[in-house]
Structure formats: structure tokens, C-alpha cells
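Letter by letter, the chains look like this.
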Amino acid sequence: MKQVDAATLQAGLDDLLDRVEHGETVVITRRGTPVARLMPERPHAIEQVEEAIAGIRALHAGMPRLSAEEILAWRDEGRT
């Protein structure tokens, strides 16, 4: 991950955007303190997250409701 001071960012924004477009993450600092992060846009990652959430919800919908007592009994099963 590359770190860039704010003054350098102003001078070389086009170059930094090219690097981000090719997958690099750039941390922007002000006087050595990180203040922002430029990351590649990943729309397919959002779709994967939404699909995973939908799958979890579908799985949850088909599961029976369990009481806290049942969950604790399963946890304690086999303990001495």
C-alpha cells in the first residue's frame, strides 16, 4: 500500500488514479497522519456480498426457532 502526502496528491492525481485503477490502494496523509484512502472500485464485490446475505437469510428462514435453553444444552453436551 502506497502512502502519499496531500501536497504530492495535488501534483500527481492522474498518476495516482491510474495506480488505483490497476488495483493499488493509496493512503493519503497530511503531515504524516493518514486522513483518507483511495481504493479501486469493486462493484462485483458488492454483488458477492449481497448474494451471500441473501443465502444466509434463505438458510435462516428454513431453520427451526431454537430457545436459549436448547442452544445452551447443545453447548454443554459432552462436558463433564
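One can find the structure itself at the top, above this paragraph.
Residues numbered from 1 in each chain as written. Predicted model: local features only at pLDDT ≥ 70, side-chain atom pairs only at ≥ 80, totals over all residues. Heavy atoms only, no water.

(A) Layout of the pattern of salt bridges. Under the defined criterion, the tally for this structure stands at three salt bridges. Of the charged contacts in the structure, one is a salt bridge between arginine 75 and aspartate 76, with a shortest N-O distance of 2.9 Å. By relative accessible area, aspartate 76 is classed as partly exposed at 33%. For arginine 79, the salt bridge identified is with aspartate 76, shortest N-O distance 3.5 Å. Taken together, the shared-partner salt bridges in this structure form one network comprising Arg75, Asp76 and Arg79. (Salt bridge = Lys/Arg side-chain N within 4 Å of Asp/Glu carboxyl O. Buried < 20%, exposed > 50% of the residue type's maximum accessible area, 1.4 Å probe, protein only.)

(B) Quick look at the sheet that holds strand β1 (residues 2-5). Strands sit in the order β1-β2-β3 across an open sheet of three strands; the sheet is mixed. Edge positions in the open sheet fall to β1 and β3 (33-38), since each of these has one partner strand only. Each strand axis lies, on average, 35 degrees off the axis of its neighbour in the sheet, ignoring direction. Bridge count for strand β2 (residues 26-30) against β3 is five bridges, and the pairing is antiparallel. Counterpart to threonine 29 in the pairing with β3 is proline 34. (Pairing = 2+ DSSP bridges. Helix = DSSP H or I, 4+ residues; strand = E, 2+ residues; numbered from the N terminus. Axes fitted to C-alpha atoms, helices over the stretch in contact; angles between N-to-C directions.)

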